[in-house]
Amino acid sequence: ALRGPRNEFGQLDNTIIVLGANFQEEASLKTIGLNHTDNHEFLISPEGNFILASYNSSYRDMRPWGLSESELTRDSVIQEINPEGEVVFEWNSWDHVDVSSCLNHRFPDDYAHLNSIQIAPDGNLIASLRGCSMVLKIDRVSGTGSTIWDLGGLDPSLQIVGDSFIEFCGQHTASEVGDRNLFIFDNGGYCNGAREETSGLFSRALQYSLDLDAG
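Please read these numbers as outputs of a predicted model, since none were measured by experiment. Within each chain, residues carry numbers counting from 1 in the order of the written sequence. Per-residue local features of the predicted model are confined to residues with pLDDT of at least 70, and side-chain atom pairs are confined, for both listing and counting, to 80 or more; whole-chain, interface and lining totals are unaffected and use all residues. Water and hydrogen atoms play no part in the side-chain values, which are based on all heavy atoms of the structure.

Participant: Give a description of the state of the cysteines that names residues and reports values.
Facilitator: Cysteine pairs can be covalently joined through their sulfur atoms, and such a bond is termed a disulfide. Sulfur atoms of two cysteines make up a disulfide when they are within 2.5 Å. A full pass over the atoms with the stated rule returns two disulfides. Between the sulfur atoms of C102 and its disulfide partner C132 the distance amounts to 2.1 Å. Looking along the S-S bond of the C102-C132 disulfide, the torsion reads about 90 degrees, which is the right-handed sense. With C102 in the loop between α1 (93–96) and β7 (114–119) and C132 in the loop between β8 (125–129) and β9 (134–138), this pair connects stretches of sequence that are 30 residues apart. For C102, a relative accessible area of 0% gives the class buried. At a sulfur-sulfur separation of 2.0 Å, the disulfide partner of C169 is C191. Where helices and strands are cited, they refer to DSSP runs of H or I of at least four residues and of E of at least two residues respectively, numbered from the N terminus. A simple rule labels every residue: compare its accessible area, found with a 1.4 Å probe on the protein chains alone, to the largest value its type can have, and call it buried under 20%, exposed over 50%, or partly exposed in between.

See the structure below:
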């Protein structure tokens, strides 16, 4: 990412530079219709599309969470752009995530904090939301952006079984590999539960086996 100027909210608005085998510039990308191109994650899909993990700031009514009716928030956004420069898929955390799961990191600004995305073996997306201590699988194949499953947060569709520390917290870099194996780098902070109080702060690498039938 090329460090860019700051947007009207004081956040860096970067540019993604795609380089060829000899480090020659082949493409220069920014998000479309958003006010923040971030450098946390950038992928090129098997179809040749560009998938960016970015943010978009706006003022929202946050009175349900004890704040004002005009709070600066930063939605996490996944945007997929084809080589012709058209948005072919977009996902916004405000539309798909319970914000009440995301109060421990940088709430209300950057409440979800999307920090990694991965194209799963079936073509859908695995997204890590550090601010919610949540990993979710997003329906990219049908284009709906609906949640296929989620893990972590306050009301997940999948329950954690056999983990002596009960939960993962403030994670980075989640990926689904092989036959329903989920790998996570668990940073160990910003927990939704009591892990920090009972076990202290530590990081770990995790492998979970996903049993979607049993949940």
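Participant: Which residues make up the pattern of salt bridges, and what values do they have?
Facilitator: A pair is scored as a salt bridge if a Lys or Arg side-chain nitrogen falls within 4 Å of a carboxyl oxygen belonging to Asp or Glu. One pass over the full model with this rule turns up 13 salt bridges. A salt bridge links R140 to E47; the shortest N-O distance between them is 3.0 Å. Of the two residues, R140 sits in the loop between β9 and β10 (147–152) while E47 sits in the loop between β3 (36–44) and β4 (50–60), which places them 93 residues apart along the sequence. With relative accessibility at 10%, the residue R140 sits in the buried group. The shortest N-O distance in the salt bridge between K137 and E176 comes to 2.9 Å.

Participant: Could you give an account of the sheet that holds strand β11 (residues 172–177), naming the residues involved and the relevant values?
Facilitator: Reading across the sheet, the three strands line up as β11-β12-β13 and stay open at both edges, with antiparallel pairing between neighbours. What marks the edges here is a single partner per strand, and that holds for β11 and β13 (204–209). Each neighbouring strand pair of the sheet contributes to a mean axis angle of 15 degrees, computed without reference to strand direction. Between any two strands, pairing holds if DSSP finds at least two bridges. Direction of pairing for β11 relative to strand β12 (residues 181–186): antiparallel, over a ladder of four bridges. Across the sheet, S175 pairs through a bridge with F183, a residue of β12. All axes here are fitted lines through C-alpha atoms, helices being fitted over the stretch that makes contact, and every angle between N-to-C directions spans 0 to 180 degrees.

Participant: Go over the environment of S58, please, and point to the residues and values.
Facilitator: By the secondary structure assignment, S58 is in strand β4. Accessibility expressed as a relative area gives 21% for S58, which makes it partly exposed. The sequence separation of S58 and S142 amounts to 84 residues, and the corresponding C-alpha distance is 28 Å.

Participant: Could you give an account of the side chain of N92, naming the residues involved and the relevant values?
Facilitator: As for its position among the elements, N92 is in strand β6 (residues 87–92). Its relative accessible area of 14% is what places N92 among the buried residues. What qualifies as a polar contact is a pair of N or O atoms within 3.5 Å, subject to a donor-acceptor requirement within protein and to the restriction that residues adjacent in sequence count only when both atoms come from side chains. A distance of 2.8 Å separates a polar side-chain atom of N92 from the backbone nitrogen of W94. The contact rule is simple, with two residues in contact once any of their heavy atoms fall within 4.5 Å. Apart from the residues lying within four places of it in its own chain, the contact partners of N92 are D75, S76 and V77.

Participant: With reference to specific residues and values, describe the side chain of S93.
Facilitator: You can see S93 is positioned in helix α1. When its relative accessible area of 0% is taken as the criterion, S93 is described as buried. Among the polar contacts made by the side chain of S93, one reaches the side chain of Y111 at a distance of 2.9 Å. Not counting residues within four places of it along the chain, the set of residues in contact with S93 comprises D75, S76, Y111 and A112.

Participant: So, the environment of F202: which residues are in play, and what are the values?
Facilitator: You can see F202 is positioned in the loop between α2 (195–199) and β13. Judged by its relative accessible area of 23%, F202 is partly exposed. Along the chain, F202 and N187 lie 15 residues apart, while their C-alpha atoms are 6.8 Å from each other. When residues no more than four places from it in sequence are discounted, the contact partners of F202 are F165, D186, N187, G188 and R195.

Participant: Explain the sheet that holds β3 to me, using residue names and the numbers behind them.
Facilitator: Spatial strand order, β3-β4-β5-β6: four strands in an open sheet with antiparallel pairing. What marks the edges here is a single partner per strand, and that holds for β3 and β6. Ignoring which end each strand starts from, the neighbouring axes of this sheet average 25 degrees apart. Pairing between strand β5 (residues 71–81) and β6: five bridges, direction antiparallel.

Spatial relationships are all this shows, so hold off on functional conclusions.
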